[in-house]
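# Breakdown of the fold
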Amino acid sequence: MEIFILRRVLYAVPILLGVSIVIFGLVQLSPGDVADLLIPPEAPKEVADLLRQKFGLDRPVYEQYLIWLGNLLQGDLGVSIFTNQPVIDDLSSAIGNTLKLAVPAAVLGFALGIALGALAAVGRGGWLDKLLSGLAITGVSLPHYWVGIVLVAIFSVTYNILPAQGMGPQGFPSTWEQIQHLILPVITLSLIPMGVVSRLVRASVLEILSQEFVTTLHAKGLLHRRILLHIMKNAAPSVLAVMGLQFGYLLGGSILVETVFNWPGSGNLMNLAIFRRDVPVLSATILVLAGLFVVINILVDVLQALIDPRMRR
């Protein structure tokens, strides 16, 4: 098992290196540079040249990349052009806030998805299957930001029972005031994972139900709950893979939901960085989110290998 984990970690190194090259290359392809942002067009050329020299922009591109990569490996994510503060300070706070949304949204979405998918498979072809499948497809089809706006209009504007924006007092959400701010964005974010996982669980359970070993278990007189346990165990590896991807999407793809609810997370930070053309913040945010995505998938691979030892081959 240790060799399997080490192999998966080593596989992640070239992936992260490739991601860093893509991010740096895309930034280089964008028009303008830091000097164009910080000084007015009528400023003397010598001033712009001095600024480019200060930021190392007068060096060859490969040297700029190696310096940037070296700083990243030492934990230096650079300094924000807009706030002149270390990027790591803003980014660590934003990632923490995003996790406050993504973790409960993932738990809610995955739990509902597994329950609805299993119930739909058990009641295949019946009204329950059609109802739950319709709910799952609806959850996948509705745009995040539209659902968020509708929920705000109903629960904040019309009935005034839940806050429309912000995250309330800082800290781990343990008070009712903090939890109130979580309810609407968490429900909004959980819809797509719920729908995707529900559809996959239904398909996986139906496929396993058609296999011979299930008939054998019935013939042996095994209790239904024991048979269901065997079925869910066999379906777990494929479902876990999708759950890992969905959790990664929640971390990196919540930019619209965080904007709708004015949630100070990584999506909101990335949105601000794009409008401000704050390249250090934007590059660091994308790279850290990509790193988290890779780590999540390594953990999913390890969990799959623990459930099904054949995955270690």
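Residues numbered from 1 in each chain as written. Predicted model: local features only at pLDDT ≥ 70, side-chain atom pairs only at ≥ 80, totals over all residues. Heavy atoms only, no water.

### Side note on the overall build of the chain
Heads up, the rule is: Secondary structure counts use DSSP, requiring at least four H or I residues in a row for a helix and at least two E residues in a row for a strand, with both numbered from the N terminus. Exposure categories follow from relative accessible area, calculated using a 1.4 Å probe and restricted to protein chains: below 20% of the type maximum is buried, above 50% is exposed, and the middle band is partly exposed. Throughout, a residue-residue contact means that at least one pair of heavy atoms, one from each residue, lies within 4.5 Å. Only the protein chains shown count as covering a residue, and every accessible area follows the Shrake-Rupley method with a 1.4 Å probe. His residues and chain termini do not enter the charge count, which takes Lys and Arg as positive and Asp and Glu as negative. The atom standing in for a charge is NZ when the residue is Lys, CZ when it is Arg, CG when it is Asp and CD when it is Glu.
Looking only at helices and strands, the chain features 13 helices and 0 strands. Listing each helix as α and each strand as β along the chain from the N terminus yields α-α-α-α-α-α-α-α-α-α-α-α-α. Taken over the C-alpha atoms alone, the chain extends approximately 85 × 55 × 30 Å along its principal axes. Across the 313 residues that make up the chain, the buried fraction comes to 38%. Nonlocal contacts in the chain, meaning residues at least 24 apart in sequence, comprise 71% of its contacts between residues at least 6 apart. Roughly 17,600 Å² of accessible area belongs to the chain as shown, and the carbon and sulfur atoms make up 68% of that amount. Here the chain contributes 20 positively and 19 negatively charged side chains, and the mean placements of these two sets differ by 17 Å.

### Remarks on unusual backbone geometry
The phi dihedral of Asn160 is positive, around 55°, even though this residue is not glycine. Within the secondary structure, Asn160 sits in the loop between α7 (144–158) and α8 (176–209). Of note in the backbone geometry, Asn262 takes a positive phi value of approximately 50° without being a glycine. Among the structural elements, Asn262 can be located in the loop between α11 (255–260) and α12 (266–276).

### Considerations on the pattern of salt bridges
Which entries qualify depends on this criterion: Any carboxyl oxygen of Asp or Glu within 4 Å of a side-chain nitrogen of Lys or Arg constitutes a salt bridge here.
One pass over the full model with this rule turns up 1 salt bridge. We note a salt bridge from Asp129 to Arg202, for which the minimum N-O separation is 2.8 Å. Of this pair, Asp129 sits in helix α6 (residues 127–141) while Arg202 sits in helix α8; the two residues are 73 residues apart in sequence, bridging distant segments of the chain. A single burial state applies to Asp129 and to Arg202, both of which are buried.

### Examining a nonpolar patch on the surface
Put simply, the rule is: Excluding any residue in a salt bridge, patches collect residues exceeding 30% relative accessible area, merging like charges within 9 Å and nonpolar Val, Leu, Ile, Met, Phe, Trp and Tyr side chains within 5 Å.
On the surface, Tyr145, Trp146, Ile149 and Leu256 cluster together into a nonpolar patch covering about 420 Å² of accessible area. Broken down by element, the nonpolar patch gets its largest block of residues, 3 residues, from α7. Secondary-structure assignment places Ile149 in helix α7.

### Regarding helix α4 (residues 61–73)
Short version of the rule: Multiply 1.5 Å by the residue count of a helix minus one, and that product is the helix's expected span. The arc in question is formed by the directions pointing from the helix axis toward the C-beta atoms.
When the terminal C-alpha atoms of α4 are compared, their 18 Å separation across 13 residues agrees well with the 18 Å that a helix rising 1.5 Å per residue should span. Where α4 is concerned, the buried positions are Gln64, Tyr65, Trp68, Leu69 and Leu72. Along the axis of α4, the buried residues cluster in a sector spanning 130°; they form a single face. Set apart from the buried face of α4 by more than 90 degrees, the exposed residues are Tyr62, Leu66 and Leu73. In this structure, the buried side of α4 is in contact with α1 (2–29) and α13 (279–307). Once α4 finishes, Gly75 follows within two positions and takes phi at roughly 85°, a positive value.

### Observations regarding the packing of helix α10 (residues 224–252) against α13
The cut-off we apply is this: An axis is simply a line fitted to the C-alpha atoms; with a helix, the fit covers only the stretch in contact. Between two such axes, the angle follows the N-to-C directions and lies from 0 to 180 degrees. If an angle is under 35 degrees, it is roughly parallel; if it is over 145, roughly antiparallel; if it lies from 65 to 115, roughly perpendicular; otherwise it is oblique.
Direction vectors running N to C along α10 and α13 enclose 170°, while the axes themselves pass 9 Å from each other. As judged from the angle between their axes, α10 and α13 are roughly antiparallel.

Worth remembering: the numbers are spatial, not functional.
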